[in-house]
Amino acid sequence: MTLTDGSTCQIVTATYYKRGRQKRRCYRIEETGGLVRLSKASLAGSELLSSAKGEASPVLAEFLAGQGG
């Protein structure tokens, strides 16, 4: 996927960061280790890797389950 700064990434891992008392969802870019926030629209067409299923990526798993695949 292409990010707003023009860079691209292949693999992201769902994670969280704390902002005050709230936990906010974000994604870690595996290639660089950087953190990004992604909309559901930007995840369209993504593939859930079997190694990422489970607690590590419940949000992406839920999203992809809703896509029928």
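To keep things clear, this report deals only with the structure shown in the data block. (Residues numbered from 1 in each chain as written. Predicted model: local features only at pLDDT ≥ 70, side-chain atom pairs only at ≥ 80, totals over all residues. Heavy atoms only, no water.)

**Considerations on the sheet that holds strand 1 (residues 12-19)**
Sheet strands line up and pair through hydrogen bonds in the backbone, either parallel or antiparallel.
(1) Moving on: Pairing within the open sheet is antiparallel, and its three strands lie in the order 1-2-3. At either margin of the open sheet sits one strand with a lone partner, and together these are strand 1 and strand 3 (35-36).
(2) Moving on: Relative to strand 3, strand 2 (residues 22-29) is paired through two bridges, and the arrangement is antiparallel. Within strand 3, the position partnered with arginine 28 by the bridge is leucine 35. (Pairing = 2+ DSSP bridges. Helix = DSSP H or I, 4+ residues; strand = E, 2+ residues; numbered from the N terminus.)

**Quick word on the nonpolar core**
(1) Moving on: In terms of nonpolar packing, the biggest core is built from nine residues, these being Leu3, Cys9, Val12, Ala14, Tyr27, Ile29, Val36, Leu38 and Leu43.
(2) Moving on: At the level of elements, strand 1 and strand 2 are the ones that each hand at least two residues to this core.
(3) Moving on: Apart from residues no more than four positions distant in its own chain, leucine 38 is found in contact with Met1, Leu3, Val12, Tyr27 and Leu43. (Core = buried A, V, L, I, M, F, W, Y, C linked by side-chain atoms within 4.5 Å. Buried < 20%, exposed > 50% of the residue type's maximum accessible area, 1.4 Å probe, protein only. Contact = heavy atoms within 4.5 Å.)

No statement about biological role is implied by the geometric values presented.
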